[in-house]
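Structural overview
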Amino acid sequence: MRIDKFLKVSRVIKRRTVANEACDAGRVSVNGRPAKASVRVKSGDIVEIGFAGGVVKFEVLAIKETVKKDEAACMYRIIEEVGNEE
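Given the structure is predicted, the values throughout are model-derived calculations rather than measurements. (Residues numbered from 1 in each chain as written. Predicted model: local features only at pLDDT ≥ 70, side-chain atom pairs only at ≥ 80, totals over all residues. Heavy atoms only, no water.)

A word on the overall build of the protein chain
- Scanning the protein chain from N- to C-terminus turns up 2 helices and 5 strands.
- Going from the N terminus to the C terminus, the protein chain shows its helices and strands as α-α-β-β-β-β-β.
- Relative to the compact-globule value of 12 Å for 86 residues, the protein chain shows a C-alpha radius of gyration of 12 Å, a close match.
- Among the 86 residues that make up the protein chain, the fraction classed as buried is 36%.
- When contacts within the protein chain are restricted to residue pairs at least 6 apart in sequence, long-range pairs at least 24 apart make up 42% of them.
- Of the roughly 5,500 Å² of accessible surface on the protein chain, a fraction of 49% belongs to carbon and sulfur atoms.
- Averaged over its 17 positive side-chain charges, the protein chain has a centre that lies 7 Å from the centre of its 13 negative ones. (Helix = DSSP H or I, 4+ residues; strand = E, 2+ residues; numbered from the N terminus. Rg over C-alpha atoms; globule rule 2.2 N^0.38 Å. Buried < 20%, exposed > 50% of the residue type's maximum accessible area, 1.4 Å probe, protein only. Contact = heavy atoms within 4.5 Å. Areas by Shrake-Rupley, 256 points an atom, 1.4 Å probe, with all protein chains shown as cover. Lys, Arg positive; Asp, Glu negative; His and termini not counted. Charge placed at Lys NZ, Arg CZ, Asp CG, Glu CD.)

Quick look at the packing of aromatic side chains
- With the rule as written, the count across this model stands at 2 aromatic pairs.
- Summarising the aromatic geometry, the rings of Phe-6 and Phe-58 are spaced 6.4 Å apart at their centres and angled 20 degrees between planes, so their arrangement reads as stacked. Taken together, the residues span a long stretch of sequence, with Phe-6 in helix α1 (residues 3-9) and Phe-58 in strand β4 (residues 54-60) at a distance of 52 residues. Here the two residues Phe-6 and Phe-58 agree in accessibility, since each one is buried. (Phe/Tyr/Trp six-rings, centres within 6.5 Å; stacked < 30°, edge-to-face > 60°.)

Let's talk about the sheet that holds strand β3 (residues 46-51)
- Strand order in the open sheet formed by 5 strands is β2-β1-β3-β4-β5, and the pairing between neighbours is antiparallel. Two strands close off the open sheet at either side, each with one partner strand: β2 (33-34) and β5 (76-82).
- Of the strand pairs in this sheet, strand β1 (residues 28-30) and β3 are connected by 3 bridges, and their pairing is antiparallel. For Val-30, the partnering residue across the bridge sits in β3 and is Val-47. (Pairing = 2+ DSSP bridges.)

None of the figures reported here should be taken as evidence of function without further support.
The structure is reproduced here in structure tokens:
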């Protein structure tokens, strides 16, 4: 599955266009490499996203085309959150 679609389906980012823009701006990396929106992700990949308030690093656990809202968090496991305290 493409990284932009995964971020939307898993609800890490709410809209696919926003996920695309984050990839184009160089704020998303997969396994330590900068990722374009078309990069394919699979279970076990480590994704890092830079947001305005910090960085979130997580591991992809499952790839599903569609999920319910309460099941979306089961698609990934957060490894590290830096700077997102308010």
